[in-house]
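Structural characterization, general
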Amino acid sequence: MPLEGDYVANPVQWVREQVELYESSDGVQGATLWDTGLPVVILTTRGAKTGKIRKTPLMRVEHAGRYAAVASNGGFPRHPVWYFNLKSDPHVMLQDGSVRQDMTAREITGDEKAEWWERAVAAYPPYADYQEKAGRVIPVFVLEPTSVAI
């Protein structure tokens, strides 16, 4: 079931503009992080406090049809807002290029996290530096396609 409700654009201008460009072009434009050439996806969540729809570009970390959402917040000491959204409501929508999928997010730990962390750092090497400077354990979620009962 797709996420529905009122959408509130991100107050950060570059985030808002990247989401708009990505969505309006079906992921053809705005599909990389700035000038790095590294691919991003768009994560749609429901706000934990407001219930409003929120959209965030994240680094694309994909394996076998599942994705990682790394709550690095650029290495800042606090979790990104979307972390709390996922904890409150794990039902999300992910756009990878022109493909939009309903997915379920679950926070991972232990060996599974170590495996996904390695994939994440391979996709975006600054994650390793972010972990060192964050002063907190950076959470990782796996996003899996939502099963639809027929």
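Residues numbered from 1 in each chain as written. Predicted model: local features only at pLDDT ≥ 70, side-chain atom pairs only at ≥ 80, totals over all residues. Heavy atoms only, no water.

1. Brief notes about the packing of aromatic side chains
Applying the stated criterion across every chain yields a total of seven aromatic pairs. A ring pair is formed by W82 and F141, whose centres lie 6.3 Å apart and whose planes are at 55 degrees; its orientation type is tilted. Placement of the pair is W82 in helix α2 (residues 81-88) and F141 in strand β7 (residues 140-145), with a sequence separation of 59 residues. The burial state of W82 is the same as that of F141; both residues are buried. On the basis of an interplanar angle of 75 degrees and a centroid distance of 5.0 Å, the ring pair of Y124 and Y127 is categorised as edge-to-face. As far as burial versus exposure is concerned, Y124 and Y127 are alike and both buried. Counting every residue linked through ring pairs, the aromatic cluster contains W82, Y83, F84 and F141. Here the guanidinium or amino end of K55 rests over the ring plane of Y7, the centre of that ring lying 4.7 Å away. (Phe/Tyr/Trp six-rings, centres within 6.5 Å; stacked < 30°, edge-to-face > 60°. Helix = DSSP H or I, 4+ residues; strand = E, 2+ residues; numbered from the N terminus. Buried < 20%, exposed > 50% of the residue type's maximum accessible area, 1.4 Å probe, protein only. Lys NZ or Arg CZ within 6 Å of the ring centre and 35° of its normal.)

2. Quick notes on the sheet that holds strand β2 (residues 53-59)
On the basis of which strands lie adjacent, the open sheet formed by seven strands has the order β2-β1-β5-β6-β7-β4-β3 and antiparallel pairing. The open sheet is flanked by β2 and β3 (62-63), the only strands paired with a single partner. Where β3 lies against strand β4 (residues 66-70), two bridges are found, and the strand directions are antiparallel. Bridge assignment links E62 to a residue of β4, and that residue is Y67. Strands in contact with helix α3 (residues 110-123) are β3, β4, β6 (99-107) and β7; relative to β4, the strand with the most contacts, it is inclined by about 85 degrees. (Pairing = 2+ DSSP bridges. Contact = heavy atoms within 4.5 Å. Axes fitted to C-alpha atoms, helices over the stretch in contact; angles between N-to-C directions.)

3. Points about the nonpolar core
The biggest cluster of nonpolar side chains holds 21 residues, and the ones touching the most others in it are V70, W116, Y127 and V140. Of all the secondary-structure elements, those providing two or more residues to this core are α1 (13-24), β1 (40-46), β4, α3, α4 (126-134) and β7. Other than its neighbours up to four places away in sequence, V70 contacts W82, W117, A120, Y127, I138, P139 and V140. Counting residues in hydrophobic clusters, the runner-up holds 15 residues, among them L43, L58, W82 and L86. (Core = buried A, V, L, I, M, F, W, Y, C linked by side-chain atoms within 4.5 Å.)

4. Side note on α2
Taken together, the buried positions of α2 are W82, Y83, N85 and L86. Within α2, the buried residues cover an arc of 160 degrees as seen down the axis, which keeps them to one side. Packed against the buried residues of α2 are β1, β2, β4, β5 (91-96), β6 and β7. (Arc of directions from axis to C-beta.)

5. Some words on the environment of P90
Take P90: it is sitting in the loop between α2 and β5. For P90, a relative accessible area of 33% translates into the label partly exposed. C-alpha separation for the pair P90 and T104, spaced 14 residues apart in sequence, amounts to 5.4 Å. In this view, P90 contacts M103, T104 and A105; residues no more than four positions away in its chain are not counted.

6. Here we look at the pattern of salt bridges
Under the counting rule described, the total for this entry stands at ten salt bridges. With a closest N to O distance of 3.8 Å, R46 and D89 form a salt bridge. Residue R46 is located in strand β1, and its partner D89 is located in the loop between α2 and β5; the two are separated by 43 residues in the primary sequence. Judged by its relative accessible area of 21%, D89 falls in the partly exposed class. Put simply, R66, R106, E112 and E144 are held in one network by salt bridges that share partners. (Salt bridge = Lys/Arg side-chain N within 4 Å of Asp/Glu carboxyl O.)

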